[in-house]
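The residues making up each chain are set out below.
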Amino acid sequence: MGSLAVPPPSNEGARRTMLANRRRDTSPELGVRRILHARGLRYRVDFAPVAGLRSRADVVFTRAKVAVFIDGCFWHMCPDHFIMPKSNRDYWEPKLARNVERDRLTDQKMADAGWEVLRYWEHLDAVAVADDICHRLQADSSSR
């Protein structure tokens, strides 16, 4: 995957928005993590479960080999909420497509290494996400 030259921001508002984006500890992640922690679950945060893999999962249950990603609607092209930017489209289209491609490659490499990958969109209810994660962890532990 080649590198694209980063275009200058189209305006000051766009520049501030891009600077405010966080790689970890986003509100959706924190909401899910608080619920999981309150339920007694312990996990790693912003952790690379597979050596040599660029992607870092948002929440990782190392013993169960479960990695959770809370994907942002913009950065991972949510089918419900994503809108392609009108400015600098020649930059954004391939960049965002590479993000999605990298997600699928990460899922496959992690599965090949024996990990279960759970992906949730940032717009989903934190309680529903935590419920699903707990259900999956319980199903995994009972199948062993």
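Residues numbered from 1 in each chain as written. Predicted model: local features only at pLDDT ≥ 70, side-chain atom pairs only at ≥ 80, totals over all residues. Heavy atoms only, no water.

Points about the pattern of salt bridges
Part 1 of the argument: Tallied over the full model, the rule gives 10 salt bridges.
Part 2 of the argument: Among the ionic pairs, Arg56 bridges to Asp46, the shortest N-O distance being 3.4 Å. A residue pair is termed long-range when its members are at least 10 positions apart, and Arg56 in the loop between β1 (44–47) and β2 (57–61) and Asp46 in strand β1 qualify at 10 residues.
Part 3 of the argument: Taking relative accessible area as the criterion, Asp46 reaches 8% and is therefore assigned buried.
Part 4 of the argument: A salt bridge links Arg119 to Asp103, with the shortest nitrogen-to-oxygen separation between them at 3.7 Å. (Salt bridge = Lys/Arg side-chain N within 4 Å of Asp/Glu carboxyl O. Helix = DSSP H or I, 4+ residues; strand = E, 2+ residues; numbered from the N terminus. Buried < 20%, exposed > 50% of the residue type's maximum accessible area, 1.4 Å probe, protein only.)

Quick word on the sheet that holds β2
Part 1 of the argument: As summarised here, the arrangement of the four strands in space is β1-β2-β3-β4, forming an open sheet in which the pairing is mixed. At either end of the open sheet lies a strand with only one pairing partner, and these are β1 and β4 (116–121). For this sheet, the mean inter-axis angle between neighbouring strands, taken without regard to orientation, is 30°.
Part 2 of the argument: Along the sheet, helix α2 (residues 27–38) makes contact with β1, β2 and β3 (66–71), crossing β2 at roughly 15°.
Part 3 of the argument: Of the strands in this sheet, β2, β3 and β4 are in contact with helix α4 (residues 126–142), which crosses β4 at around 170°. (Pairing = 2+ DSSP bridges. Axes fitted to C-alpha atoms, helices over the stretch in contact; angles between N-to-C directions. Contact = heavy atoms within 4.5 Å.)

Things to note about the nonpolar core
One recurring pattern in soluble globular proteins: nonpolar side chains tend to sit buried together.
Part 1 of the argument: Counting residues in each nonpolar core, the largest one holds 17 residues, and the members touching the most others are Leu36, Phe61, Val66, Val68, Tyr120 and Ile133.
Part 2 of the argument: Here the element with the most residues in this core is α4; it accounts for five residues.
Part 3 of the argument: Setting aside anything within four residues of it in sequence, one finds Ile133 in contact with Val32, Leu36, Phe61, Val68, Leu118 and Tyr120.
Part 4 of the argument: Within the second largest apolar cluster, nine residues are counted, among which are Val50, Leu53, Ala67 and Trp115. (Core = buried A, V, L, I, M, F, W, Y, C linked by side-chain atoms within 4.5 Å.)

Examining the pairing of β2
Part 1 of the argument: Burial analysis of β2 places five of its five residues in the buried class, the great majority of the element.
Part 2 of the argument: Pairing of β2 with β3, which is carried by three bridges, proceeds in the antiparallel orientation. Each residue of the ladder has a partner; that of Phe61, found in β3, is Val66.
Part 3 of the argument: Where β2 folds back on β3, the antiparallel hairpin that results is connected by four residues, among which Lys65 adopts a positive phi of roughly 55°.

Focus: the pairing of β3
Part 1 of the argument: Burial analysis of β3 places six of its six residues in the buried class, which makes it a mostly covered element.
Part 2 of the argument: Neither face of β3 is left uncovered, since the one carrying Val66, Val68 and Ile70 and the one carrying Ala67, Phe69 and Asp71 both have all their residues buried.
Part 3 of the argument: The pairing of β3 with β4 spans six bridges and is classified as parallel. Residue pairing for β4: Ala67 is matched across the bridge by Val117.

Describing the state of the cysteines
Part 1 of the argument: Considering all chains together, one arrives at zero disulfides under this definition.
Part 2 of the argument: Unpaired in terms of disulfides, Cys73 finds its nearest cysteine sulfur in Cys78, a separation of 3.8 Å.
Part 3 of the argument: The exposure class of Cys73 is buried, given its relative accessible area of 7%. (Disulfide = S-S within 2.5 Å.)

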